[in-house]
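Fold and contact review
Each chain, letter by letter, is given below.
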Amino acid sequence: MFQDSPIYDRLIAECGDVPAQVRREAERVSRELELAMRPYQSPGYDRPQAQGAGWQRTAMLPAPRQP
């Protein structure tokens, strides 16, 4: 991606290959998530039905102003 780029080479030397580290970490998290989600993806799994329409935020009136 950054061939013949002395600035990029210097950054790698000083800080490490951050994009490669991020890529590896993202792949690791993706694998862990896939393993964690497997029970929910099986054909016989019945997901619990939530009551109502799910999470809802209710509005609150502003507090009275202090003089």
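Below or above, wherever it landed, is the structure these notes cover.

Scoring rules and cut-offs
- Residues numbered from 1 in each chain as written.
- Predicted model: local features only at pLDDT ≥ 70, side-chain atom pairs only at ≥ 80, totals over all residues.
- Heavy atoms only, no water.
- Helix = DSSP H or I, 4+ residues; strand = E, 2+ residues; numbered from the N terminus.
- Buried < 20%, exposed > 50% of the residue type's maximum accessible area, 1.4 Å probe, protein only.
- Areas by Shrake-Rupley, 256 points an atom, 1.4 Å probe, with all protein chains shown as cover.
- Salt bridge = Lys/Arg side-chain N within 4 Å of Asp/Glu carboxyl O.
- Patch = residues over 30% accessible without salt bridge, like charges linked within 9 Å, V, L, I, M, F, W, Y side chains within 5 Å.

Focus on the overall build of the protein chain
Secondary structure assignment for the protein chain yields two helices and zero strands. In the protein chain, which comprises 67 residues, the share counted as buried stands at 3%. About 7,100 Å² of surface is accessible on the protein chain, with carbon and sulfur atoms providing 57% of the total.

Points about the pattern of salt bridges
A side chain of one charge can pair with a side chain of the opposite charge if their charged atoms are brought near each other. Counting across every chain of the model gives four salt bridges. Between Glu-14 and Arg-10 there is a salt bridge, with the nearest N and O atoms lying 2.9 Å from each other. Taken together, the residues Glu-14 and Arg-10, both in helix α1 (residues 6-15) and four residues apart, mark about one turn of the helix. As far as the burial class goes, Glu-14 and Arg-10 line up, both exposed. Taken together, the shared-partner salt bridges in this structure form one network comprising Glu-25, Arg-28 and Glu-32.

Describing a nonpolar patch on the surface
On the surface, Leu-33, Met-37 and Tyr-40 cluster together to form a nonpolar patch covering roughly 280 Å² of accessible area. Examined against the element boundaries, Tyr-40 turns out to sit in helix α2 (residues 18-41). Its relative accessible area of 39% is what places Tyr-40 among the partly exposed residues.

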